[in-house]
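Remarks on the overall topology
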Amino acid sequence: MAESSKAVVTFIVGAAVGVAVGYFLNSDKKDELVDKLKSQADRLKEKFRKKKEQYEDAIENELA
């Protein structure tokens, strides 16, 4: 019984997320939302790139 209730809750949450995404993608603010998400993704990529470089440098220093 517990597994079926988890499945129902998961389905409802998934449907709610789908409806929310659909609403935002069909709204007038779609372009604004997409631009914001792209900007945040770019910032995250830059942070990960910097951390990767730091770790590579640290590993090089340890091996040298």
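Below: a short report on this structure. (Residues numbered from 1 in each chain as written. Predicted model: local features only at pLDDT ≥ 70, side-chain atom pairs only at ≥ 80, totals over all residues. Heavy atoms only, no water.)

Looking at the pattern of salt bridges
Under the defined criterion, the tally for this structure stands at four salt bridges. We note a salt bridge from Lys45 to Asp42, for which the minimum N-O separation is 3.7 Å. Of this pair, Lys45 and Asp42 both sit in helix α2 (residues 30–63), separated by three residues, roughly a single helical turn. Notably, a salt bridge pairs Lys52 with Glu56, separated by 3.7 Å at the nearest N-O pair. Placement of both Lys52 and Glu56 in helix α2 is noted, with a separation of four residues, approximately one turn of the helix. (Salt bridge = Lys/Arg side-chain N within 4 Å of Asp/Glu carboxyl O. Helix = DSSP H or I, 4+ residues; strand = E, 2+ residues; numbered from the N terminus.)

Some thoughts on the environment of Phe11
With respect to the helices, strands and loops of the structure, Phe11 is situated in helix α1 (residues 2–26). Sequence separation between Phe11 and Lys38 is 27 residues; the distance between their C-alpha atoms is 28 Å.

Some details on a nonpolar patch on the surface
Judged by side-chain polarity, Val9, Val13, Val17, Val21, Leu25 and Val34 come together as a nonpolar surface patch covering roughly 470 Å² of accessible area. It is α1 that contributes the most residues to the nonpolar patch, five residues altogether. Tracing the sequence through the fold places Val13 in helix α1. (Patch = residues over 30% accessible without salt bridge, like charges linked within 9 Å, V, L, I, M, F, W, Y side chains within 5 Å. Areas by Shrake-Rupley, 256 points an atom, 1.4 Å probe, with all protein chains shown as cover.)

Function cannot be inferred from these measures alone, as they are strictly geometric.
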